[in-house]
Amino acid sequence: MNGQSSSHQQPNDGRHDDDAALTEFLASLMDYTPTIPDELVEHYLAKSGFQCPDVRLTRLVAVATQKFIADVATDALQQCKARQSAVVKDKRDKQQKDKRLILTMEDLSKALREYGVNVKHQEYFADSPSAGLDSTSRDE
């Protein structure tokens, strides 16, 4: 019976540790100023129908949003590097002169797709393969 009570007590100790860590984390949010302002987070929470006077919860949402944006930006950067490394093989001399990375909507869309966000963007004049051609040439 002692074996059962000690094994039964371990999950409670783990749960107590988790609760203590969560309480400490939430308390630390009071002193933290997130990149995304509280007012902006509160606006979008209210727009979605969520009201909570606890600023810690607002900041928790801000931190989670900041993490999501950072992850998407990192993945988009990797997409950009992969795309431009494919171009470099064809144009080595030009790449040595110009080492700037250019993030495109395509890179961002691919990164967001990995997180279940599908982006439909309007095709702009500059994105069109027929950009700069007159209307009679486009139809041909």
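For the structure, check the block above.
The rules behind the values
- Residues numbered from 1 in each chain as written.
- Predicted model: local features only at pLDDT ≥ 70, side-chain atom pairs only at ≥ 80, totals over all residues.
- Heavy atoms only, no water.
- Phe/Tyr/Trp six-rings, centres within 6.5 Å; stacked < 30°, edge-to-face > 60°.
- Helix = DSSP H or I, 4+ residues; strand = E, 2+ residues; numbered from the N terminus.
- Buried < 20%, exposed > 50% of the residue type's maximum accessible area, 1.4 Å probe, protein only.
- Arc of directions from axis to C-beta.
- Salt bridge = Lys/Arg side-chain N within 4 Å of Asp/Glu carboxyl O.
- Contact = heavy atoms within 4.5 Å.

**Q** What am I meant to see in the packing of aromatic side chains here?
**A** Both the distance between ring centres and the angle between the ring planes are used here to describe each pair of aromatic rings. Tallied over the full model, the rule gives one aromatic pair. Relative to Y115, the ring of F68 has its centre 5.5 Å away and its plane inclined at 80°; by these criteria the two rings are edge-to-face. A residue pair is termed long-range when its members are at least 10 positions apart, and F68 in helix α3 (residues 55–88) and Y115 in the loop between α5 (105–113) and α6 (135–139) qualify at 47 residues. Given the relative accessible area of 35%, Y115 is considered partly exposed.

**Q** Is there a simple way to think about helix α2 (residues 38–47) in this case?
**A** Taken residue by residue, α2 has D38, V41 and L45 as its buried positions. The buried residues of α2 occupy one face: seen down the axis, they fall within an arc of 65°. Across α2 from its buried face, at more than 90 degrees, point the exposed residues E39 and K47. Within two residues after α2, G49 carries a phi angle of roughly 95°, on the positive side.

**Q** Help me understand the pattern of salt bridges, please; the structure alone is not making it clear to me.
**A** Oppositely charged side chains are able to pair whenever their charged atoms sit close together. All told, the structure shown has five salt bridges when counted by the stated rule. With its nearest N and O atoms 3.1 Å apart, the salt bridge here joins R59 to D38. With R59 in helix α3 and D38 in helix α2, this residue pair connects regions lying 21 residues apart in the sequence. For D38, a relative accessible area of 14% puts it in the buried group. The salt bridge partner of D54 is R56, with a shortest N-O separation of 2.9 Å. For D54, a relative accessible area of 27% puts it in the partly exposed group.

**Q** I would appreciate a short explanation of the environment of E42 in the present structure.
**A** You can see E42 is positioned in helix α2. Using a relative accessible area of 39% as the deciding quantity, one classes E42 as partly exposed. Along the primary structure E42 and L57 are separated by 15 residues, whereas in three dimensions their C-alpha atoms are 9.9 Å apart.

**Q** Looking at this model, I keep getting lost on the environment of R83. Mind explaining?
**A** Within the fold, R83 resides in helix α3. Relative accessible area serves as the criterion here: at 27%, R83 is assigned to the partly exposed category. Along the chain, R83 and I102 lie 19 residues apart, while their C-alpha atoms are 9.9 Å from each other. Those residues in contact with R83, other than ones at most four positions away along the chain, are I102, T104 and D107.

In short, the description is geometric, and any link to function would need to be established separately.
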